[in-house]
Amino acid sequence: MATKTKKLCPRVTMRTCAEKEPIICTASNVAKSKTFKTKTEFTCYQNTSDMNNPRLAAQRMVIMDCDGIQSVGKSWETKTYGSQYMVGVLDKETNEMTLRPASLINLKPYVKSFEDEDVKMEKEMSYGEKYKELAMKFGANRIQKTLRGKDRVKEMESNTLDEAMQEAVASVDTSNLTEQADLHHNDILPPINTEAKSLDDVFLITDLITEAEIAALVPFTTVLRACTQVHVNAWREQEKYPHFMLSRLPVVIEDDHLAHLYLSELLYISYLVTLLKLPSKSLGNKKTSFPNTPSVVIDNMYKKFTSQGQRDGKLRTSMSDKQRNKLIAHILALTLLVDKYCVRYTELCRDTGVKSRVLSDTYRSMGCSINKLKGQDKGQMVAVLKLPVKLPPLVLRKGGKKRE
């Protein structure tokens, strides 16, 4: 009986009750037969899962077996002697009656096949599984065929995915994760010397502008060095150059070589900003977009930051998001060289059309710290590069105006 009772209530451990305590049983939907009094058996069980807990120890279950039909009643209430049923036990020898508290349990017919299936369905099967079970038993042939087909496809997809995952895990080489991270930085950022002892050694001008380009820019830097504030104001009205460049002119540097390098950096920033703002339809028009620009500069810029491919039977020039991020990173690296590694880049947002958070993330990726000025210069964003240079994980965002 203990095994059968465990099936009736699987969440608790029930054993035959050893105490002889009175229980009042009422039966509903039970028909009395001629053998009801002689062949009816009552068995009481007690919850023994935790005998130290009075609430659990007081739980009882009664099973009545009458003509092969079982009726089950449960009492999960604790023993309270305030208001409870009482049973009088008469001692015939002393003619004294003793009142003892009793539990009232209502017995109901128990149909094992129905109740067990209901419990199983509620605990183990979801709504979709119930629907599928019902359709497979009573559904039309077409529905059953569809469900069987879905099962086969799901099994095949699961096996294929498991095999692919195993192959992918086996092919991963964890020994060169650091090298792969460095390559990822090198794909976007210009060369950065993280072991530099001086800030002047972090970025090399020759990594950003080739010697041939620097030499080709000599006539242009000569003109810029001779300009005055009048020329700068005129260029600002014509919007000929970016504000970032014009705000750093005219230049007062006595050394000719240093002045040439400084102006070459400013000019190259101007060329890169122009390339960044070009619509996709105008990328192929090099001469129109870059008048009075050395051809070596144009060719090197297009080689680094654009790609060519056939489209509609014609050779098209395009710039991917990765190349665009690389172009932005080169512009910011040049600004660090120009401003001696402390750059106010708020005006650069207006020049490039790139959002401030994109520039901030790129500066951080190159090891810079970002500060927001207060007081008279409130709202100005400043990027500062300090030693030692530590490169955080590279953050790439899409920003700026969309290409038409």
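It should be emphasised that the depicted structure is a prediction, and the values quoted were computed from it without experimental measurement. (Residues numbered from 1 in each chain as written. Predicted model: local features only at pLDDT ≥ 70, side-chain atom pairs only at ≥ 80, totals over all residues. Heavy atoms only, no water.)

Engineer: Mind showing me how you'd approach the overall build of the protein chain here?
Structural biologist: Along its length, the protein chain carries 17 helices and 12 strands. Taking all 404 residues of the protein chain together, the buried fraction comes to 35%. Considering only contacts in the protein chain between residues 6 or more positions apart, those separated by 24 or more positions represent 62%. (Helix = DSSP H or I, 4+ residues; strand = E, 2+ residues; numbered from the N terminus. Buried < 20%, exposed > 50% of the residue type's maximum accessible area, 1.4 Å probe, protein only. Contact = heavy atoms within 4.5 Å.)

Engineer: Looking at this structure, how should I read helix α17 (residues 356–365)?
Structural biologist: Helical geometry: 3.6 residues make up each α-helical turn, so side chains three or four residues apart lie on a common side. Within α17, 7 of the 10 residues are buried, leaving the element largely enclosed by the surrounding structure. Every buried residue of α17 is accounted for by Val358, Leu359, Ser360, Asp361, Thr362, Tyr363 and Ser365. Just downstream of α17 lies glycine 367, where phi reads positive at about 95°.

Engineer: Sorry if this is basic, but what is going on with the environment of leucine 283 here?
Structural biologist: For leucine 283, the position within the fold is in the loop between α12 (256–277) and α13 (286–289). By relative accessible area, leucine 283 is classed as buried at 0%. Separated by 36 residues in sequence, leucine 283 and methionine 319 place their C-alpha atoms 8.4 Å apart.

Engineer: How should I be thinking about the pattern of salt bridges in this particular structure?
Structural biologist: Side chains that differ in charge, positive against negative, can pair when their charged atoms come close. This structure, assessed with the given rule, holds 6 salt bridges. Between aspartate 339 and arginine 248 there is a salt bridge whose closest N-O contact spans 2.7 Å. Of this pair, aspartate 339 sits in the loop between α15 (321–338) and β10 (342–344) while arginine 248 is found in the loop between α11 (243–246) and α12, placing the two residues 91 residues apart along the sequence. Note on accessibility: aspartate 339 and arginine 248 belong to one class, buried. Among the charged side chains, a network of salt bridges with common partners joins Arg248, Asp339 and Glu347. (Salt bridge = Lys/Arg side-chain N within 4 Å of Asp/Glu carboxyl O.)

Engineer: I keep staring at the pairing of strand β9 (residues 314–318) and nothing clicks. Help me out?
Structural biologist: In the case of a regular strand, side chains alternate between the two sheet surfaces. Where strand β8 (residues 307–311) lies against β9, 5 bridges are found, and the strand directions are antiparallel. In the sheet register, arginine 311 faces β9, and the bridge partner there is lysine 314. Hairpin geometry of β8 and β9 is characterised by an intervening segment of 2 residues between the two adjacent antiparallel strands and by a positive phi of about 60° at aspartate 312. (Pairing = 2+ DSSP bridges.)

Engineer: Help me understand the nonpolar core in this model?
Structural biologist: A general feature of soluble globular proteins is that nonpolar side chains tend to end up buried together. If you look at the biggest cluster of nonpolar residues, it comprises 68 residues, and the most contacted ones within it are Phe203, Leu249, Leu275, Tyr345 and Tyr363. Top element by residues in this core is α12. It accounts for 12 residues. Look past the residues within four positions of tyrosine 345 in its chain and what remains in contact with it is Ser356, Leu359, Ser360, Tyr363, Ile370, Met381, Val382 and Ala383. (Core = buried A, V, L, I, M, F, W, Y, C linked by side-chain atoms within 4.5 Å.)

Engineer: Can you help me understand the packing of α12 against α15 in this one?
Structural biologist: To describe two helices that pack against each other, one gives the angle between their axes and the distance between the axes. Axis separation between α12 and α15 bottoms out at 10 Å; the angle between their running directions is 155°. On the basis of their axis angle, the class for α12 and α15 is roughly antiparallel. When the axes of α12 and α15 are compared, the crossing they make is left-handed. Across the interface between the two elements, Tyr262, Glu265, Leu266, Tyr268, Ile269, Leu272, Val273, Leu275 and Leu276 of α12 pack against Arg324, Leu327, Ile328, His330, Ile331, Leu334, Thr335, Leu337 and Val338 of α15. (Axes fitted to C-alpha atoms, helices over the stretch in contact; angles between N-to-C directions. Parallel < 35°, antiparallel > 145°, perpendicular 65-115°, else oblique. Left-handed = near helix turned anticlockwise from the far one by under 90°.)

Engineer: What's the story with the sheet that holds strand β12 (residues 381–385) in this structure? I'm lost.
Structural biologist: Across a sheet, strands are paired by hydrogen bonds formed along the backbone, either parallel or antiparallel in direction. One open sheet holds the 3 strands; their spatial order is β10-β12-β11, and the pairing between them is antiparallel. Unpaired on one side and paired on the other, β10 and β11 (368–372) mark the two borders of the sheet. Looking at each pair of strands side by side, their axes are set apart by 20° on average, direction ignored. For β11 and β12, the ladder comprises 5 bridges, and the chain directions are antiparallel. Bridge pairing in β12 places lysine 372 opposite methionine 381. Running at roughly 145° to β11, α17 makes contact with β10, β11 and β12 of the sheet.

Engineer: Is there a simple way to explain the packing of aromatic side chains in this structure?
Structural biologist: Two aromatic rings, taken as a pair, are described by how far apart their centres are and by the angle between their planes. Enumeration according to the criterion identifies 3 aromatic pairs in this entry. When the centroid spacing of 5.4 Å and the interplanar angle of 75° are considered together, the rings of tryptophan 235 and tyrosine 241 count as edge-to-face. Residue tryptophan 235 shares its accessibility class with tyrosine 241, and that shared class is buried. A centroid spacing of 4.9 Å and a plane angle of 45° characterise the contact between tyrosine 345 and tyrosine 363, whose relative ring orientation is tilted. Of this pair, tyrosine 345 sits in the loop between β10 and α16 (346–352) while tyrosine 363 is found in helix α17, placing the two residues 18 residues apart along the sequence. Each member of the pair, tyrosine 345 as well as tyrosine 363, carries the same accessibility label: buried. Its end group placed over the ring of phenylalanine 244, arginine 248 keeps NZ or CZ at 3.7 Å from the ring centre. (Phe/Tyr/Trp six-rings, centres within 6.5 Å; stacked < 30°, edge-to-face > 60°. Lys NZ or Arg CZ within 6 Å of the ring centre and 35° of its normal.)

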